[in-house]
Amino acid sequence: MSDSTSNIISTILSGLGATVTAAAGGIALTIVLSFIAGLAMLSRSRTVRFVSRVYVEGFRGTSEVVQLFWLYFVLPALVGFKLVPLFAGIIVLGLNHGAYGAEIVRGAVQSVPRAQREGAVALSFSPAQRMFRVILPQAVVEMLPPFNNLFIQLMKSTALLYFISAGEITEKGELLRPLYGSQLVLIYGVELLCYLAIAVVITMIMRLLERVLAKRLGREPPPREKAFAKAGVVT
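Residues numbered from 1 in each chain as written. Predicted model: local features only at pLDDT ≥ 70, side-chain atom pairs only at ≥ 80, totals over all residues. Heavy atoms only, no water.

Asks: Any chance you could break down the UniProt feature "domain: ABC transmembrane type-1" (unreviewed entry) in the chain for me, citing the residues and the numbers?
Replies: Following the UniProt record, the feature "domain: ABC transmembrane type-1" (unreviewed entry) maps to residues 16-213 here. Regarding residues 16-213, the helix share stands at 81% and the strand share at 0%, and the terminal C-alpha atoms are separated by 30 Å. (UniProt positions renumbered as here; feature names shortened; annotations may be inferred. Helix = DSSP H or I, 4+ residues; strand = E, 2+ residues; numbered from the N terminus.)

Laid out in structure tokens, this is it:
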């Protein structure tokens, strides 16, 4: 392996930690916001539904790049406090994808059969008990395939952090481009493989969770063909 090849690979891999950190932090925030906003959209309170809908439509309907610029460049000009690039990226990734995740949560909860809800009422469960002991355990299994897609999309969106110099994979690759212009295939090839590897890990974790939760509910793990269909993959 030549010195230039070794330098390219090591430089890009040095950004892997920032990419994984941004993806993991964004996913954690996405999960929290997805459940809060998703359940809020099912609230009996019009005010709660309105606030959650404003959040969902506001972040789904605006550019993620512009959101990033607002948080990292505009907000400091307004309040005089600047966020660390990686932390700003995690917040934007979580807020943006949490808005999409909220619809996943809402749809999955509403897909639970009415008979399950009626059975919980017959057992004199409180609304909270019905939600957390009957409805959500079943709904979460249905959420996992679309959440898998969402998390992979979030991971790929970490490339946007290049615009605020967060030190992730894409930025490392772009710093190499002026120095190794004749080796663009290698630079971008290594970047693609890094993103692919992270996406495979995310998918493996989500598939494992889906199997574990399905077994706890007494369901058979979904056949591979159905799982791929839910994930939007054509086999």
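Asks: Go over the packing of helix H1 (residues 3-13) against helix H9 (residues 184-216) with me, naming the residues and quoting the values.
Replies: To describe two helices that pack against each other, one gives the angle between their axes and the distance between the axes. Orientation of H1 relative to H9, taken along the N-to-C sense of each, is 35°, at an axis distance of 10 Å. Between H1 and H9 lies a crossing whose hand is right-handed. Across from Thr5, Ile8, Ile9, Ile12 and Leu13 in H1, the residues of H9 making contact are Leu186, Ile187, Val190, Glu191 and Cys194. (Axes fitted to C-alpha atoms, helices over the stretch in contact; angles between N-to-C directions. Left-handed = near helix turned anticlockwise from the far one by under 90°. Contact = heavy atoms within 4.5 Å.)

Asks: Please give an account of the packing of aromatic side chains that cites residues and values.
Replies: Taken as a whole and assessed by the stated rule, the structure comprises 6 aromatic pairs. Ring geometry for Tyr162 against Phe163: centres 5.6 Å apart, planes inclined by 55°, an arrangement best described as tilted. Residue class for Tyr162 comes out partly exposed when judged on its relative accessible area of 32%. Members of the aromatic cluster, connected to one another through ring pairs, are Phe69, Tyr72, Phe73, Tyr162 and Phe163. (Phe/Tyr/Trp six-rings, centres within 6.5 Å; stacked < 30°, edge-to-face > 60°. Buried < 20%, exposed > 50% of the residue type's maximum accessible area, 1.4 Å probe, protein only.)

Asks: Residues and numbers for the UniProt feature "transmembrane region" (unreviewed entry) in the chain, please.
Replies: Taking the UniProt record as the reference, the feature "transmembrane region" (unreviewed entry) is found at residues 20-42, 69-93 and 185-209. Across residues 20-42, helical content stands at 91% and strand content at 0%; the span's end C-alpha atoms are separated by 33 Å.

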